[in-house]
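Okay, here's what each chain looks like letter by letter:
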Amino acid sequence: MNFSLDIIMIPVQLIVVFYTLYYFALAFFGLFQSAKKADSAPEKSFAILVAAHNEENVIGQLVDNFHIMDYPKHLYDIYVIADNCIDNTAKVAQNSGAFVFERFDPSNRGKGFAMEWGFGRLFSLPKHYDAVAVFDADNLVDPKFLKVMNHHLLKGETVIQGYLDAKNPTDTWVAGTFAICFWVVDHIWHLAKYNIGLSSCLGGTGMVISTELLKRQGWGATCLTEDLEFTMKCLADGIPTCWAHDAIVYDEKPLTFMQSWHQRKRWAQGHFDVASRYVPKLFFEGIRRRDIRLFDGILHLFQPHFLLLSTTFVLLSVIHSHYQFYTNILYSVLPGEVWTVVAVGQYIFPLLVLVRIHAPAKSWIYMLMYPLFIYSWVPITFCGYLNRHDKAWSHTTHSRSLSYQEVIGGFPKDNLLSKQVAKY
């Protein structure tokens, strides 16, 4: 036994065991949902806010979609921030019936800066709203979205994330596997955490934040992953992000692998940035508040670090099989049968989710490519780490101009989501 290497490798193996078991056990709590539905009478008012940069191809369909919401029209208004646009985004949005704020500030580019500015403009208006609902320009939204969020606000929740569905899950294998990834995370991570009282995480779109909270906390989230930054800012103050499983948003997924690569690399860069700033704060606040949710937040922030660590460990394990340069304790801590169950489970959980949501037939074919998509996170995360200090924002181009009716019509007739919204 090489004692000097064991000092490093044994703690690494214990971390691998802990993370593996923690998230595997957590996943089981996402396999069920409370049968109680959102049935509260409409009461809360909403400012719908959309930050859009050169989105003339899709913004009109989203604004049209908002006009068919199953919610009293006098309780919500639609605002579009035309952020540094050089196309007809502002004109299309205005012609579709939205109030438009035009912003020109090339030195502060990105959604976080646009939202900071937009909140200031919104709060200077004479009209008061109970909450702000934030969307991306490429989205489409379930008509029940505001109704469900109204119910959550009346329960006292102040930071809420909606269900992140896919607008184009059958366009390409990349869009298809991206959609599967989101569906799986929606259930075995977001829903699971909400079911057991942990904090979820904002996803950048389909999120609702109490106006009172925003005015008190301030936005202040302008990094590459502004949603994660605001989540952790709130969590450090003991305010969890809640999950609204029936408030559905349809998000456009990248069509090509390189689009997916650049988007996920930006997410990884932002994740490392937020972790470096918020892990110490969550740790000390978690001790002071004696709140386990803050320590769970730390585990989430450390996920990309864990991916780097576990990948390095796997590579070293291959070398170890020939040279035996450290003590392998994985099978001493857990029997081989447990590791087998975990290994099989990572493929069973996605299949259970696809069955539960009655996914399109193509999604089952795309499952063959799902492992490739998942493991592509490894090089992306390494690149994100190497470029973690690069704060330059990059725009993801959106081109799938679809109406809400077209998206719903594209699902099989037995799709649960299609049944839920058919009456609208």
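1. What about unusual backbone geometry?
Working step 1: One non-glycine residue, N54, lies in positive phi territory at about 50°.
Working step 2: As for its position among the elements, N54 is in the loop between strand 1 (46-52) and helix 2 (59-66).
Working step 3: Taking the relative accessible area as the measure of exposure, N54 reaches 25% and is therefore partly exposed.
Working step 4: A positive phi angle is found at R290, which is not glycine, with a value near 55°.
Working step 5: When you line up the elements, R290 lands in the loop between helix 9 (257-289) and helix 10 (292-301).

2. So, the pattern of salt bridges
Working step 1: Scanning the model with the defined rule gives 16 salt bridges in all.
Working step 2: The partner of R289 in a salt bridge is E285, with the nearest N and O atoms 3.0 Å apart. Of the two residues, R289 and E285 both sit in helix 9, four residues apart, roughly one turn of that helix.
Working step 3: R293 is the partner of D291 in a salt bridge, and the nearest nitrogen-oxygen pair spans 2.8 Å.
Working step 4: Take D291: its relative accessible area is 12%, and that puts it in the buried class.
Working step 5: Residue R293 is classed as partly exposed on the basis of its relative accessible area of 22%.

3. Here we look at the sheet that holds strand 8 (residues 242-251)
Working step 1: Taken in spatial order, the eight strands make up an open sheet running 3-2-1-4-7-6-8-5, and their pairing is mixed. Every interior strand has two partners, whereas the edge strands, strand 3 (99-103) and strand 5 (140-141), have only one.

4. Quick look at the packing of helix 8 (residues 226-236) against helix 9
Working step 1: Where helix 8 contacts helix 9, the two axes come as close as 9 Å, and the packing angle between them is 10°. Viewed along their axes, helix 8 and helix 9 adopt a mutual orientation that is roughly parallel. The element helix 8 and its partner helix 9 pack so that their crossing is left-handed. Across from L228, E229, M232, K233, L235 and A236 in helix 8, the residues of helix 9 making contact are H271, V274, R277, Y278, K281, L282, E285 and R289.
Working step 2: Each residue belonging to the contact of helix 8 with helix 9 can be placed in one class, and the counts come to seven nonpolar, one polar and six charged.

5. Topic: helix 6 (residues 173-195)
Working step 1: The end-to-end C-alpha distance of helix 6, which contains 23 residues, comes to 31 Å, matching closely the 33 Å that a straight helix rising 1.5 Å per residue would cover.
Working step 2: If you look at helix 6, its biggest bend is around 35°, right at D186.
Working step 3: Burial runs high along helix 6: 19 of the 23 residues are buried.
Working step 4: Backbone geometry just after helix 6 places G197 at a positive phi near 85°.

6. Quick notes on helix 9
Working step 1: At Y278, helix 9 shows its maximal kink, close to 40°; a proline, P280, follows between one and four residues later.
Working step 2: Count one or two residues on from helix 9 and you reach R290, which has phi positive near 55°.

7. Comments concerning the packing of aromatic side chains
Working step 1: Under the counting rule described, the total for this entry stands at 28 aromatic pairs.
Working step 2: Ring geometry for Y22 versus Y23: centroids 5.1 Å apart, planes at 90°, classification edge-to-face.
Working step 3: Judged by its relative accessible area of 24%, Y22 is partly exposed.
Working step 4: When the ring of Y79 is compared with that of Y129, the centres are 6.0 Å apart and the planes differ by 85°; the resulting orientation is edge-to-face. Placement of the pair is Y79 in strand 2 (residues 76-83) and Y129 in the loop between helix 4 (111-123) and strand 4 (131-136), with a sequence separation of 50 residues. Judged on exposure class, the residue Y79 and its partner Y129 are both buried.
Working step 5: Taken together, the ring pairs in this structure connect F18, Y19, Y22, Y23 and F306 into an aromatic cluster.
Working step 6: The lysine or arginine in question, R121, covers the ring of F101, its NZ or CZ lying 4.7 Å from the ring centre.
Working step 7: Sitting over the face of the ring of Y385, R388 holds its NZ or CZ atom 4.0 Å from the ring centroid.

The rules behind the values
- Within every chain, residues take consecutive numbers counted from 1 along the sequence as written.
- Given that the model is predicted, a residue must reach a pLDDT of at least 70 before its local features are reported, and side-chain atom pairs must reach 80 or more before they are shown or counted; all residues, however, enter totals for whole chains, interfaces and linings.
- As a rule here, side-chain values come from all non-hydrogen atoms in the structure, and water together with hydrogens is ignored.
- The way it works is that DSSP assigns letters per residue, a run of H or I at least four long becomes a helix, a run of E at least two long becomes a strand, and they are numbered from the N terminus.
- The cut-offs for exposure are 20% and 50% of the maximum accessible area for each residue type, with area from a 1.4 Å probe on protein chains only; residues under the lower value are buried, those over the upper are exposed, and the others partly exposed.
- Between Lys or Arg on one side and Asp or Glu on the other, a salt bridge is scored when a side-chain nitrogen of the former is within 4 Å of a carboxyl oxygen of the latter.
- One requirement defines pairing of two strands: DSSP has to find at least two bridges between them.
- Here, axes are lines fitted to C-alpha atoms. For helices the fit covers the stretch in contact, and angles between N-to-C directions go from 0 to 180 degrees.
- Orientation categories follow fixed angle ranges, with anything under 35 degrees roughly parallel, anything over 145 roughly antiparallel, 65 to 115 roughly perpendicular, and all other angles oblique.
- What makes a crossing left-handed is the near helix being turned counterclockwise from the far one by less than a right angle; a clockwise turn instead makes it right-handed.
- Note on contacts: a residue pair qualifies if any of its non-hydrogen atoms lie within 4.5 Å across the two residues.
- Each residue is assigned to one class: nonpolar for Ala, Val, Leu, Ile, Met, Phe, Trp, Tyr, Cys and Pro, charged for Asp, Glu, Lys and Arg, and polar for all the others, Gly among them.
- How far a helix is expected to stretch is found by multiplying one less than its residue total by 1.5 Å.
- The bend reported for a residue corresponds to the angle between axes fitted to the seven residues ending at that residue and the seven starting there.
- Within 6.5 Å between ring centres, the rings of Phe, Tyr and Trp (the latter by its six-membered ring) count as paired, and their orientation is classed by plane angle as stacked under 30 degrees, edge-to-face over 60, tilted in between.
- A positively charged side chain is recorded as over a ring if its NZ (Lys) or CZ (Arg) lies within 6 Å of the ring centre. The angle to the ring normal must also be within 35 degrees.

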